[in-house]
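Structural overview
Here is what each chain is made of, one letter per residue.
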Amino acid sequence: NSDSLIFLAPATGILTKEFNPEIGHLGVDYGLKIGSPVYASAGGLVIFADYTVDYGYTIIIQHDYGYITMYKHCSSLLKKPQDFVKQGELIALSRNSGKKSTGPHLHFEIWHMGKPVNPEKLIIK
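About the cut-offs
Residues numbered from 1 in each chain as written. Predicted model: local features only at pLDDT ≥ 70, side-chain atom pairs only at ≥ 80, totals over all residues. Heavy atoms only, no water. Helix = DSSP H or I, 4+ residues; strand = E, 2+ residues; numbered from the N terminus. Buried < 20%, exposed > 50% of the residue type's maximum accessible area, 1.4 Å probe, protein only. Salt bridge = Lys/Arg side-chain N within 4 Å of Asp/Glu carboxyl O. Phe/Tyr/Trp six-rings, centres within 6.5 Å; stacked < 30°, edge-to-face > 60°. Lys NZ or Arg CZ within 6 Å of the ring centre and 35° of its normal. Core = buried A, V, L, I, M, F, W, Y, C linked by side-chain atoms within 4.5 Å. Pairing = 2+ DSSP bridges.

Let's shift gears to the environment of M70. Its place among the elements puts M70 in strand β6 (residues 67-77). Overall, the relative accessible area of 12% leaves M70 in the buried class.

Here's what the structure looks like:
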């Protein structure tokens, strides 16, 4: 069952923007200094790790039970596709990369079965 999947906060920063699908904000933003560590929220398989025009350096991790997590606007990616990562493992450093970034932060999304989920409801405090 999906209750056995536990998510940790991917960074230690202040939540600067909440989940708001009505305005197209499908995750949460953590305000971070450039170069802050970004961690895997849960263990899984890296399925994407590359630069995108809109979101800068982005990592996507596939987890069990139909979950994926996305980490956007990073500076350097420390993992590549097909890498397995453990929960809490360092996967990237934060920055302000991509056209849709408004300052140094980490944009973090959790999707379940193809739908975005509010990370604040799943992250263990």
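Once the structure has been displayed, the description carries forward.
The next subject is the pattern of salt bridges. As a working rule, side chains carrying opposite charge can pair if their charged atoms are close by. Under the definition given, this model contains 3 salt bridges. A salt bridge links E109 to K72, with the nearest nitrogen and oxygen atoms 3.2 Å apart. Remark: K72 occurs in strand β6 and E109 occurs in strand β9 (residues 105-112); sequence separation between them is 37 residues. Between K80 and D83 there is a salt bridge, with the nearest N and O atoms lying 3.3 Å from each other.

Scanning all chains against the criterion turns up 3 aromatic pairs. Relative to F108, the ring of Y71 lies with its centre 5.2 Å away and its plane at 50°, an arrangement referred to as tilted. Of this pair, Y71 sits in strand β6 while F108 is found in strand β9, placing the two residues 37 residues apart along the sequence. If you follow K72 out to its NZ or CZ, it ends over the ring of Y55, 3.8 Å from the centre.

Before going further, it helps to examine the nonpolar core. Formed by 24 residues in total, the largest nonpolar core has its most connected members in I59, I61, Y71, I91, L106 and F108. Listing elements by their share of this core, those giving two or more residues are β2 (28-31), β4 (44-52), β5 (56-62), β6, β8 (90-94) and β9.

Relative to β2, strand β1 (residues 14-17) runs antiparallel, the two being bridged by 3 bridges. Considered in β2, the bridge of I14 is made with G31. The sheet contact formed by β2 and β9 spans 4 bridges and is antiparallel. Each bridged residue has a counterpart across the sheet, and for G31 the counterpart in β9 is H105.

Now for unusual backbone geometry. Backbone geometry follows two general trends: most residues other than glycine have a negative phi, and most peptide bonds adopt the trans configuration. One non-glycine residue with positive phi stands out, namely Q82, at about 80°. Among the structural elements, Q82 can be located in the loop between β6 and β7 (84-85). In this model, M113 sits at a positive phi of 50°, which is unusual for a non-glycine residue. Tracing the sequence through the fold places M113 in the loop between β9 and β10 (115-117). Classification of M113 by relative accessible area gives exposed; the value is 60%.

Here strand β3 (residues 37-39) runs beside β8; their pairing, made up of 3 bridges, is antiparallel. The partner of V38 across the bridge, within β8, is A92. Bridge count for β6 against β8 is 3 bridges, and the pairing is antiparallel. Across the sheet, residue C74 finds its bridge partner in β8, namely S94.

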